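Chain and residue survey
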Amino acid sequence: MILTNRINVFRLAFFFLSINLLFAGCFVYKFNDAVIPTNVKTVKIGFIENKARYINPQLSPKLTDKLQSKITNQTKLTRTNNDDADYVISGAITNYDPSQTVGVSAQQASTNRLTVTVHIVLRKTLENKVDEFDVSRSFDFSANLTLQQAEGQLLEEVVRNLTDEIFNRIFNNW
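Criteria and cut-off values
- Residues numbered from 1 in each chain as written.
- Predicted model: local features only at pLDDT ≥ 70, side-chain atom pairs only at ≥ 80, totals over all residues.
- Heavy atoms only, no water.
- Helix = DSSP H or I, 4+ residues; strand = E, 2+ residues; numbered from the N terminus.
- Buried < 20%, exposed > 50% of the residue type's maximum accessible area, 1.4 Å probe, protein only.
- Polar contact = N/O pair within 3.5 Å; in protein donor to acceptor, adjacent residues only side chain to side chain.
- Contact = heavy atoms within 4.5 Å.
- Axes fitted to C-alpha atoms, helices over the stretch in contact; angles between N-to-C directions.
- Parallel < 35°, antiparallel > 145°, perpendicular 65-115°, else oblique.
- Left-handed = near helix turned anticlockwise from the far one by under 90°.
- Phe/Tyr/Trp six-rings, centres within 6.5 Å; stacked < 30°, edge-to-face > 60°.

What follows deals with the side chain of Thr 75. Tracing the backbone through its elements, the reader meets Thr 75 in the loop between helix 2 (59-74) and strand 2 (78-79). Judged by its relative accessible area of 11%, Thr 75 falls in the buried class. Of note is the side chain of Thr 75, whose polar atom sits 2.5 Å from the backbone oxygen of Ile 71. Only 3.3 Å separates the side chain of Thr 75 from the backbone nitrogen of Leu 77, close enough to count as a polar contact. Aside from chain neighbours lying at most four places away, what touches Thr 75 is Ala 34, Ile 36, Lys 70, Phe 167 and Phe 171.

Turning to the packing of helix 2 against helix 3 (residues 147-171), a few remarks are in order. For the pair helix 2 and helix 3, the least separation of the axes is 9 Å and the interaxial angle reads 45 degrees. As far as their axial angle goes, helix 3 and helix 2 are oblique. Viewed along their axes, helix 2 and helix 3 form a crossing whose handedness is right-handed. Contact with helix 2, carried on its side by Leu 59, Lys 62, Leu 63, Lys 66, Leu 67, Lys 70, Ile 71 and Gln 74, involves Leu 155, Glu 156, Val 158, Val 159, Arg 160, Leu 162, Thr 163, Asp 164, Ile 166, Phe 167 and Phe 171 of helix 3 and no other residues of that element.

This part covers the packing of aromatic side chains. Under the defined criterion, the tally for this structure stands at 3 aromatic pairs. Taken together through their ring pairs, the aromatic side chains of Tyr 87, Phe 167 and Phe 171 make up a single cluster.

Rendered as structure tokens:
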């Protein structure tokens, strides 16, 4: 009787383990996978213009290049220069604003913050639809640094973070 119960428990455990493995294999999700409708094949990525009040001359070309690379490397979309691409992505840096923020003591800030905002326009030609959204990120830096020094230290982080957020908003619906 005890042996029969152990065999039944073993069979039941094996059954549930098999079911778990079966379903786990069917529902694998990865955060870096882009979700793109199957009929979308081409993308045009325009230059992200700098329309902010203060202009960092390196930001616009680096952001455009990084976005183009990310889309090319992480999707199966074919880049084109045609305006009739399935997705047409354009944008502009609309805010690049340094400010004093954190840790005010003795009337002086110990940390400054750089806030960068990018406005993105995504034209989905197959759906005859236009989506627009803003991506905004803040980056803290020491108040002992000048803005130019901070820009040198923060540029790669700014570009990487903004690119990731733009990509996720377009392709992962985040």
